[in-house]
Amino acid sequence: MADVETKKLYARKSSGLVRTIGMFGAMVFGVHCISLSSSGFIPFSWVASAWPGASIIGVLTVAMFLSLFHAFTYASIGSAMPRSGADYTLASRTLSPQFAFASSFTLAVFSAMVSGALIAWIPSGIIPTLFQSMGIIFNNEGFKEFAKWSGTPTGIIVIGTICLVIVYLLMILPTRTIVTILEIGFILGVIAWIIIYISLGSAKGPEHFKAAWDKFMGAGNYDSVIPAAEAAGMKWDPRVGTMTLAGLIMGFWVFYGYYIPTFFAGEVKQASKNLLAGSWASLIVTWAIFVGGAILLQRLTPLKWIAAEGYLANNTDKFAMPWITFYAAILKPNIILVALVALGWLYTMINLAQTYFFYTSRIIFAWAFDRLIPEKISNVNPKLHSPVVAITIIAIISEIGIIDAATGGVMGAQLNFVFFAVITQIVPVLAMTLFPFLKPDLYDQSPDIVRMKLGKIPVITIIGGITLAYLLWMIIASFLFPAVGGRIGPGVLGTLVGMYAVGFIIYYVTRSYRLKKEGIDIAWTFKSIPPV
């Protein structure tokens, strides 16, 4: 191995990235990737309408509980390998560099595409919802027209591209500045939810909500919602098993993102403590906020009505407004309060896109640092202390995602992404589960969170096994329940296989090139740990 040590295995002797993210910062990243705005809509619209009869509170609770195991597994991955792209780095050193890279490549490309789809949701979903609400409440035709134009393909591309430029400019800033921007967004998001709480809490009871609804949606509209949904095919199933099943399927969709600091573990201070604390805190905080909204809303209107309004919006052409922001706004139609909620929703949507840019850029940074792709991609700007080239690549792919969303639909892309994300996580989770046995030397040097044992069995092997079972169940559920798992047809599966194939091709082409031009077998790289 002496000859190997004289060759250039890594882009340089240090990553150039600085550990500046603490526990609160890790939590804020997780909260924003879950999203107080986009996921704030999901329980009251898509979850309720996809599983009519399932308790929103129950679904959220089952989902959050299961996600705690997944969060522990990923926090352990980042703790064992506190580097950029920790899941790729650990899996490539533990199981197989080819499979690890192919999985990571697929995840990163689709994440970048979905960052564009999420940005596109600002003009296609968030702006129409907020401005349509304000147009109805304040009888403003200009708001309604803007909401309508915003959702057109032209509006999505124009507004989406403007938002993309904003996100890009924010993301090339130093990490500490980015964290500050996200922390401001967290405060604005919480303020928006406090206003929603106050508005819902101010209502005297169901009759007050019904009167407010009919005032803005038309006389008799409230009473027509459930019959209209049932006539359209809504089936009511209040069994506990339905709620549990919904939580098993929907959880990863609602709460996706709590674990993303693992992807940039190299910039997290005291990773062995802050990764787990941050991911669990983000889960519990968002769960509590969404459940609080559900409790206050169900005080005013039955769960069946909430499910019916969501069902009409998602399965019929009937005009419906199943949005928690609208429910609150009709009870307190104050322009200042409504505007503050709108500001919080739009700001946190930008924050959501920021988190995708951040974690995907660090993943491809890790590949470049391993010299699997051009090492210049891992360059860190000396003034901004950020990987500008990597972020630029993500921005380009994200713009493709915006255009795709403008022509093909945002929600389908997001649902399919959950399927892709689950598939790509099988390799790193399996690697972490077997880590104590395949890499005993590294395991013995790992932090306490990784080395904990239950008797003679490593805790991470037990929890990793539970996480694997959860991932496998979500893959199966995507085919058993296509209405919520995404429509996984031949085209989607073909795309997934194609992306993996591209990942394998890149690996072997790079290996051949390095061996011919430099006399370096990149397989040597994966026998060592990248420098900090």
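Nothing here was measured: the structure is a model prediction, and the numbers come from that model.

(A) Region of interest: the overall build of the protein chain. Secondary structure summary: the protein chain contains 24 helices and two strands in total. Here the C-alpha radius of gyration of the protein chain, 23 Å, is about what a compact globule of 532 residues would show, namely 24 Å. In terms of its C-alpha atoms, the protein chain occupies a principal-axis envelope of roughly 85 × 50 × 40 Å. Within the protein chain, the fraction of its 532 residues that count as buried is 60%. Pairs at least 24 residues apart make up 84% of the contacts formed inside the protein chain by residues separated by at least 6 positions. Element-wise, carbon and sulfur atoms account for 68% of the exposed surface of the protein chain, whose accessible area totals about 19,600 Å². Positive and negative charge centroids in the protein chain, built from 35 and 23 side chains respectively, lie 6 Å apart.

(B) Looking closely at the state of the cysteines. Tallied over the entire structure, the rule returns zero disulfides. Not engaged in a disulfide, the cysteine Cys-33 finds its nearest cysteine sulfur in Cys-163; these two sulfurs lie 17 Å apart. A relative accessible area of 3% means that Cys-33 is categorised as buried.

(C) Just the environment of Tyr-500, in detail. Locating Tyr-500 in the fold gives a position in helix α24 (residues 490–518). Note: C-alpha distance between Tyr-500 and Ser-104 (396 residues apart in sequence) is 9.1 Å. With residues up to four places along the chain from it excluded, the contact list for Tyr-500 reads Ala-102, Ser-103, Thr-106, Ile-423 and Thr-424.

(D) Expanded view of the pattern of salt bridges. This model, assessed by the stated rule, comprises 12 salt bridges. Of the charged contacts, one joins Glu-267 and Arg-362 as a salt bridge, the two residues approaching to 2.8 Å between their closest N and O atoms. Of this pair, Glu-267 sits in the loop between α13 (240–254) and α14 (271–298) while Arg-362 sits in helix α17 (residues 335–369), and the two are 95 residues apart along the sequence. One exposure class covers both Glu-267 and Arg-362, and it is buried. The partner of Arg-451 in a salt bridge is Asp-448, and the shortest N-O contact between them spans 2.7 Å. Of this pair, Arg-451 and Asp-448 both sit in helix α21 (residues 448–451), separated by three residues, roughly a single helical turn. Among the residues examined, Asp-448 registers a relative accessible area of 55% and is labelled exposed. Each member of the salt-bridge network shares a partner with another, and the members are Arg-371, Glu-375, Arg-514 and Glu-518.

(E) Quick look at helix α9 (residues 153–171). Here α9 contains 19 residues, and its C-alpha end-to-end distance of 26 Å stays within 8% of the 27 Å for a straight helix at 1.5 Å per residue. Among the structural elements, α7 (97–137), α8 (141–150), α10 (175–202), α17 and α18 (388–408) are those in contact with the buried residues of α9.

(F) A look at unusual backbone geometry. Even without being glycine, Arg-371 reaches a positive phi, approximately 65 degrees. Here Arg-371 falls in the buried class, since its relative accessible area comes to 4%.

(G) Region of interest: the side chain of Ser-92. Mapped onto the elements of the fold, Ser-92 is located in helix α6 (residues 86–94). By relative accessible area, which is 3% here, Ser-92 ends up buried. Within the structure, Ser-92 has its side chain in polar contact with the side chain of Arg-93 (distance 2.9 Å). Ignoring any residue separated from it by four or fewer positions in sequence, one finds Ser-92 in contact with Pro-97, Ala-100 and Phe-526.

(H) Just the packing of aromatic side chains, in detail. As enumerated under the stated definition, the model contains 46 aromatic pairs in all. A centroid spacing of 5.7 Å and a plane angle of 45 degrees characterise the contact between Trp-46 and Trp-121, whose relative ring orientation is tilted. Residue Trp-46 is located in helix α4 (residues 46–50), and its partner Trp-121 is located in helix α7; the two are separated by 75 residues in the primary sequence. Of the two residues, Trp-46 and Trp-121, neither departs from the other in class, the shared state being buried.

(I) Region of interest: the packing of α9 against α17. Two numbers describe how α9 lies on α17: the axes approach to 10 Å, and their chain directions differ by 55 degrees. Accordingly, the angle class assigned to the pair α9 and α17 is oblique. Considering only the axes of α9 and α17, their crossing is right-handed. Here Cys-163, Leu-164, Val-167, Tyr-168, Leu-170 and Met-171 of α9 come into contact with α17, specifically with Ile-350, Ala-353, Gln-354, Phe-357 and Phe-358. Grouping the amino acids of the contact of α9 with α17 by side-chain chemistry returns 10 nonpolar, one polar and no charged.

(J) Summary view of a nonpolar patch on the surface. A cluster of nonpolar side chains, namely Leu-95, Leu-430, Leu-434, Phe-437 and Leu-438, defines an oily patch on the protein surface of about 400 Å² accessible area. Phe-437 gets classed as exposed once you look at its relative accessible area, which sits at 52%.

(K) Spotlight on the side chain of Asn-274. Position of Asn-274 among the secondary structure elements: in helix α14. Judged by relative accessible area, Asn-274 falls into the buried class, the value being 9%. Engagement of the side chain of Asn-274 in a polar contact is seen with the backbone oxygen of Lys-269, the distance being 2.4 Å. Setting aside chain neighbours within four positions, we find Asn-274 in contact with Gly-22, Met-23, Ala-26, Val-268 and Lys-269.

(L) Up close: the environment of Phe-138. With respect to the helices and strands, Phe-138 occurs in the loop between α7 and α8. Considering only alpha carbons, one finds Phe-138 and Ile-335, 197 residues apart in sequence, at a separation of 8.1 Å. Here Phe-138 is in contact with Pro-333, Asn-334, Ile-335 and Val-338, once residues within four sequence places are set aside.

(M) Fine view of helix α5 (residues 56–80). With 25 residues, α5 extends 36 Å from end C-alpha to end C-alpha; this agrees with the ideal 36 Å at 1.5 Å per step. For α5, the buried fraction is high: 21 of the 25 residues fall into the buried class.

How each quantity is defined
- Residues numbered from 1 in each chain as written.
- Predicted model: local features only at pLDDT ≥ 70, side-chain atom pairs only at ≥ 80, totals over all residues.
- Heavy atoms only, no water.
- Helix = DSSP H or I, 4+ residues; strand = E, 2+ residues; numbered from the N terminus.
- Rg over C-alpha atoms; globule rule 2.2 N^0.38 Å.
- Buried < 20%, exposed > 50% of the residue type's maximum accessible area, 1.4 Å probe, protein only.
- Contact = heavy atoms within 4.5 Å.
- Areas by Shrake-Rupley, 256 points an atom, 1.4 Å probe, with all protein chains shown as cover.
- Lys, Arg positive; Asp, Glu negative; His and termini not counted.
- Charge placed at Lys NZ, Arg CZ, Asp CG, Glu CD.
- Disulfide = S-S within 2.5 Å.
- Salt bridge = Lys/Arg side-chain N within 4 Å of Asp/Glu carboxyl O.
- Expected span 1.5 Å × (residues − 1).
- Polar contact = N/O pair within 3.5 Å; in protein donor to acceptor, adjacent residues only side chain to side chain.
- Phe/Tyr/Trp six-rings, centres within 6.5 Å; stacked < 30°, edge-to-face > 60°.
- Axes fitted to C-alpha atoms, helices over the stretch in contact; angles between N-to-C directions.
- Parallel < 35°, antiparallel > 145°, perpendicular 65-115°, else oblique.
- Left-handed = near helix turned anticlockwise from the far one by under 90°.
- Nonpolar A, V, L, I, M, F, W, Y, C, P; charged D, E, K, R; others polar.
- Patch = residues over 30% accessible without salt bridge, like charges linked within 9 Å, V, L, I, M, F, W, Y side chains within 5 Å.

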